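Structural overview for review
What follows is each chain in one-letter form.
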Amino acid sequence: MKLKLIPMQELYKKFPELKESDVATIRDWMSKQPHLPELTDQEIANFLHARYFSIEATKKLIEGHLTIRTHAKDIFGNRDFMADDIQMVKDVIVSVPLPKTTPEGYTVIFWKIIDPDMSKYNFKAVARLSIYVNESELLEKGPTNGYVTLVDMDGFTLRHMLTFNPTILYQLMLSVQEGYQARVKAFVFFNCPSFMDKFLALLRPTLTKEFSNSLKIYQKLEDLKEFMPLEMLPSDYKGGKEDTIKNLWTNYLKHLEERKDFFWEESQTRRVNESLRPEKSALQNQLFGLEGSFKKLDID
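On a predicted model such as this, the values are computed, not experimentally measured, just so you know.

1. Overview of the pairing of strand S1 (residues 93-97)
For S1, a buried count of 5 out of 5 residues is recorded, marking the element as mostly surrounded by other parts of the structure. Along S1, one buried face is formed by Ile93, Ser95 and Pro97 and the opposite face, lined by Val94 and Val96, is buried too. Both S1 and strand S2 (residues 106-113) contribute to a ladder of 5 bridges, which runs antiparallel. Note on S2: the bridge partner recorded for Ser95 is Trp111.

If you want it as structure tokens, here you go:
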């Protein structure tokens with residue numbers, strides 16, 4: 001089953017700044033770039049919205065998005081939703097959109113470890129599964145005022161942190177900063193362990209100032225209400241009024257599985273042909289040349 005793309009007329013109505021002429025301009029530009037694949041109007045609209053409808057910024061974002069997806073093969077290569085590692089980690093973590101947006105109109109992707117068994121935890125598969133969720137939301141529901149990733153760190157241990165592959169972690173961060181087709185508003189962590197703040201402090205120098213400022217840490221659930229209404233949370237939490245984590249995730253996994261063909265097709269059709277690129281992309285060096293930045297990270 002393919003994704004049910006939101007009709008373009010709905011997007012034009014929802015976002016008056018989104019112009020058919022701008023979508024056509026981007027499409028015309030892409031047709032003259034021999035190394036770039038063809039995108040749907042909905043994908044182009046997402047990129048335009050992500051860069052506040054700036055034509056030049058949108059071109060740069062599309063280049064970054066497609067280049068990263070072409071070369072970061074550990075994350076974007078094998079996009080088989082039914083692969084064994086994905087099927088294992090879907091019972092280890094939850095990565096699900098909350099039913100309601102924040103008062104500011106932000107979509108919230110809720111993330112949590114639900115099985116602490118380290119033998120089942122696979123960082124690469126967790127990253128790939130989480131990306132499926134964001135993609136489906138964007139293309140089927142269209143852009144919102146922004147995206148927030150909300151992470152419950154309860155159950156997340158130093159052992160989980162130490163499984164992070166430096167290259168994959170860096171490529172993930174680069175894909176968010178240079179190639180994410182949505183407005184990233186915040187990464188919010190709550191129920192944080194004692195080592196979390198130290199790790200993020202070490203990590204910040206590798207981030208852009210904007211991205212670094214988007215990281216927010218709350219030690220307790222009660223503190224989270226400074227950022228968003230607690231009633232938006234699943235009913236597993238005190239004050240939460242939505243369905244349970246289990247039900248939300250079970251239903252969304254079914255939704256993703258029904259769209260497994262799209263994810264595979266995306267990996268075959270939304271990639272750069274480097275042999276046709278007029279000039280080498282600087283992102284290629286960034287993808288593989290800055291791993292050393294992480295060698296300085298030392299968590300006691």
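Anyway, onward from the coordinates.
2. Here's the deal with the pattern of salt bridges
A full pass over the atoms with the stated rule returns 23 salt bridges. Between Arg277 and Glu274 there is a salt bridge; the shortest N-O distance is 2.7 Å. We classify Arg277 as buried; its relative accessible area is 12%. Each of Arg69, Arg79, Glu135, Glu266 and Arg271 takes part in one network of salt bridges that share partners.

3. Concerning the environment of Ile44
Tracing the sequence through the fold places Ile44 in helix H3 (residues 41-50). Here Ile44 falls in the buried class, since its relative accessible area comes to 0%. Note: C-alpha distance between Ile44 and Ser212 (168 residues apart in sequence) is 27 Å.

Conventions adopted
Here the residue numbering is sequential within each chain, running from 1 through the sequence in written order. The model is predicted, so local features are restricted to residues of pLDDT at least 70 and side-chain atom pairs to those at 80 or more, both for listing and for counting; the totals for chains, interfaces and linings are taken over all residues. Hydrogens and water are ignored here; the side-chain numbers use all heavy atoms of the structure. Only protein chains enter the area calculation, which uses a 1.4 Å probe; residues under 20% of their type maximum are buried, those over 50% are exposed, and those in between are partly exposed. Under the DSSP-based scheme used, a helix requires at least four consecutive residues in state H or I and a strand at least two consecutive residues in state E, with every element numbered from the N terminus. Any two strands are treated as partners once DSSP identifies two or more bridges connecting them. Any Lys or Arg side-chain nitrogen found within 4 Å of a carboxyl oxygen on Asp or Glu counts as a salt bridge.

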